Amino acid sequence: ERLDYELGVIETMGFAGYFLIVADFIQWAKAQAIPVGPGRGSGAGSVVAWALTITDLDPIRFGLLFERFLNPERVSMPDFDIDFCQDRRDEVIRYVQREYGADRVAQIITFGKLQARAVVRDVGRVLELPYGRVNDIATLIPNNPAKPTTLPEAIAGEPRLREARDTDEGIARLMEIALQLEGLYRHASTHAAGVVIGDRPLVELVPLYRDPRSDFLVTQYSMKHVEQAGLVKFDFLGLKTLTILQRAEAYLRELGTPADLAHLPLDDAKTYEMLGRGDAGGVFQFEGAGMRDVLRQMRPDRFEDLIAAVALYRPGPMANIPAYCARKHGERWEAPHPAIHDCLAETCGIMVYQEQVMQIAQILAGYSLGAADLLRRAMGKKIRSEMEAQRKIFVDGATSRGIDAAKAAEIFDLMERFADYGFNKSHAAAYALVAYQTAWLKANHPVVFLAASMSLDLNNTDKLAALKAEAAVIGVELLPPDISRSHADFRIERKPDGSLAVRYALAAIKKVGVAAMRAVCDQAPFASLADFADRVDARQLNRQQLENLVRAGAFDRLEPNRARLLAGAELLLRRAQESAEARATSQIALFGGTDDPQQLRLPEVAPWMPMEALVHEREAIGFHLTAHPLDAYARALSRLGVVPVASVGARAAGGAGRLRIAGAIEAIRTTRSSRGTAMAYLRLGDGSGGAEVTAFSEVLSASRETLREGNLVVMTITARTIGETLRLTIEEVEPLERAAARAGQGIRVWLTESASVPHIRTLLDQAGRGRGRVVLVPRLAGAAAAEEVEIALPGGIQVTPRLAQALKLIPGVAEVEEV
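Residues numbered from 1 in each chain as written. Predicted model: local features only at pLDDT ≥ 70, side-chain atom pairs only at ≥ 80, totals over all residues. Heavy atoms only, no water.

Taken as a whole, the second largest pocket holds about 700 Å³ of empty space. Residue assignment for the lining of the second largest pocket shows that the elements contributing at least two residues are helix 11 (240–254) and helix 21 (425–444). The leading source of residues in the lining of the second largest pocket is helix 11, at four residues. Residue classes in the lining of the second largest pocket are distributed as 15 nonpolar, four polar and six charged. (1 Å grid on protein atoms, 1.4 Å probe; cavity = no way out; pocket = protein on both sides within 12 Å on 5 of 7 lines; lining within 4 Å. Points joined across faces, edges and corners; volume = space filled by probe spheres on them. Helix = DSSP H or I, 4+ residues; strand = E, 2+ residues; numbered from the N terminus. Nonpolar A, V, L, I, M, F, W, Y, C, P; charged D, E, K, R; others polar.)

Next up, the structure:
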């Protein structure tokens, strides 16, 4: 009956062709194994769309309304937004171009405007000012894509910009011109998702633009105007989560445990238990700190809870989250009228969805669902004359059904208030399904989940760092890159004990390239460095690539001394080139076939200190992978009362408002506060996890040199909960090395040779005076441990882990112990 009704409406409104076109390219995409989302937007409320496999969510089971998508009482264009795998979305667009004609399919133009940073750089280039100087000026302008800072705002809020303008005539001229040009159109581009299809060559309907970099037609009209011209728009969106799910399915097949993520039962206890703990890192829609708090409060145990969570976690509706959770866990509630109890039961008596407003109008006042959709839209627009007319229709309809007029007016006011907050249930349900699929994968196959997530963010250092921290939280081992065992992409590796781990991808190392790493991996494994040099394709590997592989530790199995191999990188490359030339001329190289790495005659270089090795590793990988620099400061951090970053949330929930944390600054983003003053958001990582901390203008100006990416710092922070979000604000910050020296730790040094004493003295003089104690313990020949003599050096020394590591490298120093 529902299907027949929808088909009749679609045919009457003349949209059958639209549905068939969408069904055609979606069915083609699925036949090509291109992941397609289960639905998006109000289109998921259509049974016809579900029957045509445009959507994958049964709208009858979840109470989704067709009239929210197409209203038979008000003709409006249908609009299916379709999510595709982001890697293969272009294949679907190409199919549409081939199927319907290259002259009838076009993308939609967009226009890029000159924003503050761009206009400064462009004007600086035209005025031929030094690039470095212009770049310094541009970087003083806060970069916030969500709310771009204008040039006047930046000048007003940044003293250094005003100083540069007032003291440098060139910069003053640059600013004068840039202020006039800011906001003008700079270039034409194409809309990220929109495509139009015409029933005749598009040149007959709209002016077209030819992008010299593409063979695709582009309309000269932008999004709004192209629809006014009568063309039908289709949105081809890229959703990376679909790609993650597809790669996860491939990993599961390789492991012999295939799973069909598109047809999972929606009652998996492990999934809901995991989400109830707030363990949602990397889970679509649910990975934010605020949403995790919601999940902990809600403790979802059914799919309808996830739909509600997606709809409620937005400004406005989130005020109803505590009431929803309290009612879910037993607090009594009553519907405004018994007749609508069932309509509101799934959301514990709270109006959450736009569809509920429509159903209430239908049940209480006799509206058709089409008219109810008009009521919902009128409530959203708040046009007074229209609202008064609707109020009379609603009250009259309700009283004709025996409902008291005052009660009907009260319910209308309640609906009007909630209509502002109501969310499209069809969209919430479709996205809750993708979230559930991701969460199921993490709960039941965490190693696969992590490998698939990291695979998709192969070139996104920030995302990989966050996923590395997530691996530690969920207990997944991340194996370091290995030239013989790694692949170009992330892979799941079975360890000797049968457990699974994720092997780090070679192509995730900075500046090495996917194609080059695939060529290297095709030749793996390697028995020695000479074997590597003799078999690798020298055309695929340059010095920078090789050096970054060394810094990342990819050759540790073949040569553990990274400093030595880095010094011999040129020798290794020369050997690879000679071997390639010999193969090309069918000659045998002088050292051909040898497995002895000494034949490469690598320079004799002392190994890096652990801290130095970690610095190189971070440069090559983008974050600390095998260890964290803070590990060496464990005793000092304990003395300073530093707490792990991962425990800050729990401590704040327990009432701790002022805490001390330490870590490496992994990223920093400057912006402007609502008052126009400078501020910054920093990501701090300490090995246990990461957290975002905020630095306001006072701290930022006083500690600008300390607050730089890569620096190790100790922070005193204030933890506050705003709504459902934990906010960490810096009160004080200082370099970790200085804080560690102030902590007054000591070291005990065992000596086997008296010749090491002058070298120790030199290092201690360089360290400078401080509160730390240094004790020398000579190991006399033939003496027992009980007979050891300790010699405490007079005065205090600035004792730090860096000093301890330097002492270990002195010949004749047998052992160094922090005390």
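Read on, since the account is not over.
All right, on to the sheet that holds strand 15 (residues 747–751) then. Strand order in the open sheet formed by four strands is 18-17-15-19, with mixed pairing between adjacent strands. Looking at the sheet topology across the chains shown, the edges are occupied by strand 18 (791–792) and strand 19 (813–818). Together, strand 15, strand 17 (774–778) and strand 19 form the strand contacts of helix 34 (residues 757–767), whose direction differs from that of strand 15 by roughly 160°. Against the sheet, helix 35 (residues 801–808) contacts strand 15 and strand 19, and its axis sits at roughly 165° relative to strand 19. (Pairing = 2+ DSSP bridges. Contact = heavy atoms within 4.5 Å. Axes fitted to C-alpha atoms, helices over the stretch in contact; angles between N-to-C directions.)

A complete count under the given rule lists 23 aromatic pairs for this structure. Measuring from centroid to centroid gives 5.1 Å for F111 and Y185, while their planes differ by 45°, and the two rings are tilted. Within this pair, whereas F111 is found in strand 2 (residues 105–113), its partner Y185 is found in strand 3 (residues 185–197), the two being separated by 74 residues in sequence. The exposure class assigned to F111 is partly exposed, which follows from its relative accessible area of 36%. Given a relative accessible area of 57%, Y185 falls into the exposed group. Members of the aromatic cluster, connected to one another through ring pairs, are Y18, F19, F25, F69, F80, F84, F234 and F236. (Phe/Tyr/Trp six-rings, centres within 6.5 Å; stacked < 30°, edge-to-face > 60°. Buried < 20%, exposed > 50% of the residue type's maximum accessible area, 1.4 Å probe, protein only.)

The subject of this paragraph is empty space enclosed by the protein. A complete count under the given rule lists two cavities of 30 Å³ or more for this structure. Forming the walls of the largest cavity are 15 residues, and the residues nearest its centre are A465, K468, A469, E666 and G687. If you list the elements that add at least two residues to the lining of the largest cavity, you get helix 23 (461–474) and strand 11 (678–685). For the lining of the largest cavity, the leading source of residues is helix 23, giving five residues. Grouping the amino acids of the lining of the largest cavity by side-chain chemistry returns five nonpolar, six polar and four charged. Class assignment for the residues of the lining of the second largest cavity results in five nonpolar, four polar and three charged.

It is worth spelling out the sheet that holds strand 7 (residues 478–479) at this point. Spatially, the three strands line up as an open sheet ordered 7-9-8, and their pairing is mixed. The sheet is open, and its two borders are formed by strand 7 and strand 8 (491–494), each paired with just one other strand. Looking at chain direction, strand 8 and strand 9 (residues 500–503) are connected through four bridges and run antiparallel. Directly across from E493, in strand 9, lies its bridge partner A501.

With that out of the way, let us pick up unusual backbone geometry. The amide bond that connects A524 to the next residue, P525, takes the cis arrangement and shows omega of 0°. When you line up the elements, P525 lands in the loop between helix 24 (514–523) and helix 25 (529–535). Although it is not a glycine, Q285 sits at a positive phi angle of roughly 75°. If you trace the backbone, Q285 turns up in the loop between helix 12 (269–276) and helix 13 (289–298).

This next bit is on the pairing of strand 1 (residues 81–85). Moving residue by residue along a regular strand, the side chains alternate between the two faces of the sheet. Strand 1 sits mainly inside the fold: four of its five residues count as buried. In this sheet, strand 6 (residues 232–239) lies alongside strand 1 in parallel orientation, the contact comprising five bridges. Along strand 6, the bridge assignment pairs C85 with L239.

Packed helix pairs are characterised by how far apart their axes lie and by the angle those axes make with each other. Helix 20 (residues 405–419) packs onto helix 19 (residues 384–399) with a crossing angle of 135° between their chain directions and a minimal axis gap of 9 Å. Classified by the angle between their axes, helix 19 and helix 20 sit oblique to one another. Our pair here, helix 19 against helix 20, has a crossing hand that is right-handed. The segment helix 19 lies against helix 20, with M387, Q390, R391, F394, V395, A398 and T399 engaging A405, A408, A409, I411, F412, D413, M415 and E416. (Parallel < 35°, antiparallel > 145°, perpendicular 65-115°, else oblique. Left-handed = near helix turned anticlockwise from the far one by under 90°.)

Below, the discussion takes up the packing of helix 21 against helix 22 (residues 446–456). For the pair helix 21 and helix 22, the least separation of the axes is 5 Å and the interaxial angle reads 125°. Between helix 21 and helix 22, the crossing angle belongs to the class labelled oblique. Residues T438, L441, K442, A443 and N444 of helix 21 form the contact with helix 22, whose participating residues are P446, V448 and F449. Of the residues contributing to the contact of helix 21 with helix 22, the split by class is five nonpolar, two polar and one charged.

With that settled, consider the environment of I621. Locating I621 in the fold gives a position in helix 29 (residues 610–621). Between the C-alpha atom of I621 and that of A508, which follows or precedes it by 113 residues, the distance is 7.2 Å. Other than its neighbours up to four places away in sequence, I621 contacts T461, Y504, A508, K510 and A552.

The predicted model of the protein has a mean per-residue pLDDT of 87, with 96% of residues at 70 or higher. A low-confidence stretch, residues 589–598 (pLDDT under 50), is modelled with 15 contacts involving residues beyond four sequence positions or located in other chains. (pLDDT = per-residue confidence, 0-100.)

With that out of the way, let us pick up the pairing of strand 12 (residues 690–695). Here six bridges tie strand 11 to strand 12, and the two strands are oriented antiparallel to one another. By the bridge assignment for strand 12, L684 is matched with A691. What sits between the antiparallel neighbours strand 11 and strand 12 is a turn of four residues, in which G687 has the positive phi angle 95°.

Further remarks concern helix 1 (residues 2–13). In a regular helix each residue adds 1.5 Å, so twelve residues correspond to 16 Å; helix 1 covers 17 Å between its end C-alpha atoms and thus fits that length. Along helix 1, the positions that sit buried rather than exposed are E6, V9, I10 and M13. With its buried residues spanning 95° around the axis, helix 1 presents them on a single face. Residues of helix 1 that are exposed and point over 90 degrees away from its buried face: D4, E11 and T12. Buried positions along helix 1 lie against helix 2 (16–31) and helix 3 (47–51). In the stretch just after helix 1, G14 is the one whose phi turns positive, near 80°. (Expected span 1.5 Å × (residues − 1). Arc of directions from axis to C-beta.)

Tracing the sequence through the fold places Q540 in the loop between helix 25 and helix 26 (543–551). On the basis of relative accessible area, Q540 is assigned to the partly exposed category, the value being 31%. Considered as a pair, Q540 and R761 are 221 residues apart in the sequence and their alpha carbons are 48 Å apart.

A few words now on helix 6 (residues 131–139). Buried residues of helix 6: V134, I137 and A138, and no others. In a view along the axis of helix 6, the buried residues occupy a sector of 100°, so they form one face of it. Where helix 6 is buried, its residues meet helix 5 (116–126), helix 8 (159–167) and helix 9 (169–181).

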